[in-house]
Amino acid sequence: MITTTRRHLSLCLLSGLLAFSATAQDFPPKKSITLVVGFAAGGAADTAARIIAKKLGENIGASVVIDNKGGAGGNIAHQYTATGPTDGSLILFGSVGPLTIAPHLVKLPYDPVKDLAPITMGVNFPNVLVVHAGTGIKTFAEYIAYAKKNPGKLDYASTGPGSASHLAGELLDDMAKIETVHVPYKGGAPALQDLLGGRVASYFSTYSTSQAYIDNGKLIPLASTGTQRLRSLPNIPTIAESGYPGFSATNWYAFVASSKVPTAILDRWNVELVKVLKSPDVVEQLNSHGLTPLPGTRNELATYMAKETATWGRVIRERKITAE
């Protein structure tokens, strides 16, 4: 009986060691790696993903292919990843909207917490509140003063209901006790087009999108939405330092994968991606686009996502925001 039990235990141990060995040998998976991006080529997410993918491929000796699956504010890409391959060959450059905002606005066909596993934070970047030069508004203080004097008359564009640019405006309305008008668009390009045409007064834009028009004077930057000033706009204050301490509404992208991917592979992806995000050449390239790499542990990302989910859930409930 004892001999049989020992033989059984030995077989179980051997089986476990073989399984572990197989998992370790399967990294990277023996096929090209797909890095899914939930937005079209040319935007901040795509730019960052391509910089990171190039270095990642060099480091692990495997092909890393970018798959742009735009649509539904990034939700299509997130659903695709949640139900996709579980061998570690598919990872997603997830975004703040689908991961922490959308669950409060629409019924999703996936659960960001249960169906997607955190790997590491990728990049973080604030928006910049810009106005069309024709408004005559030159400073953030003037923007707030105008909004208070003319409730319901100052409008701002966003990339859609529930987007980071939308919620930045809602948070500012809430904290500054002003009433501005949200004008949603189906993306950054049409929002910027109407802003430049003077059909909308302001926009919480990514710096990379508005940079050329700030440089030529068509758009006036008033304040940034992060906790620190943009390196590219050192003379432009944050909203937090302009009388609204605690204001923070940043865009961020993080690496996640299907929750069914083995933990050992998720841990390896964390190691490899953190290595890339700490590479001096990658840091320099990302910074040149106004993007700040924020590599960290899997638990740190899970904690951050939970905090963001709670913050935006409260704003959405209190401001009675809908997806319409």
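Residues numbered from 1 in each chain as written. Predicted model: local features only at pLDDT ≥ 70, side-chain atom pairs only at ≥ 80, totals over all residues. Heavy atoms only, no water.

Here we look at the nonpolar core
Alright, step 1. Judged by nonpolar contacts, the single largest core of 49 residues is most densely connected at Phe140, Tyr143 and Leu172.
Alright, step 2. Among the elements that take part in this core, helix H6 (residues 164–176) stands out by supplying six residues, more than any other.
Alright, step 3. Tyrosine 143 has contacts with Leu129, Val131, Ile137, Leu154, Tyr156, Leu172, Thr180, Ser202 and Leu222, leaving out every residue within four places of it along the chain.
Alright, step 4. Tyr253, Phe255, Ile265 and Leu291 belong to the second largest nonpolar core, which has 34 residues in total. (Core = buried A, V, L, I, M, F, W, Y, C linked by side-chain atoms within 4.5 Å. Buried < 20%, exposed > 50% of the residue type's maximum accessible area, 1.4 Å probe, protein only. Helix = DSSP H or I, 4+ residues; strand = E, 2+ residues; numbered from the N terminus. Contact = heavy atoms within 4.5 Å.)

Brief notes about unusual backbone geometry
Alright, step 1. Not every positive phi belongs to a glycine, and lysine 177 is a case in point at roughly 55°.
Alright, step 2. For lysine 177, the position within the fold is in the loop between H6 and strand S6 (181–184).
Alright, step 3. A relative accessible area of 66% means that lysine 177 is categorised as exposed.
Alright, step 4. Look at lysine 320: it is not a glycine, yet its phi comes out positive at around 55°.
Alright, step 5. One can find lysine 320 in the segment after helix H11 (298–319).

Some points on helix H8 (residues 207–215)
Alright, step 1. Taken residue by residue, H8 has Tyr207, Ser210 and Ile214 as its buried positions. Looking down the long axis of H8, one finds its buried residues gathered within 80° of arc, a one-sided arrangement.
Alright, step 2. Close packing links the buried residues of H8 with strand S4 (116–132), strand S7 (202–206) and strand S8 (219–224).
Alright, step 3. Taken from the residues just after H8, glycine 217 is the one with a positive phi, measuring 85°. (Arc of directions from axis to C-beta.)

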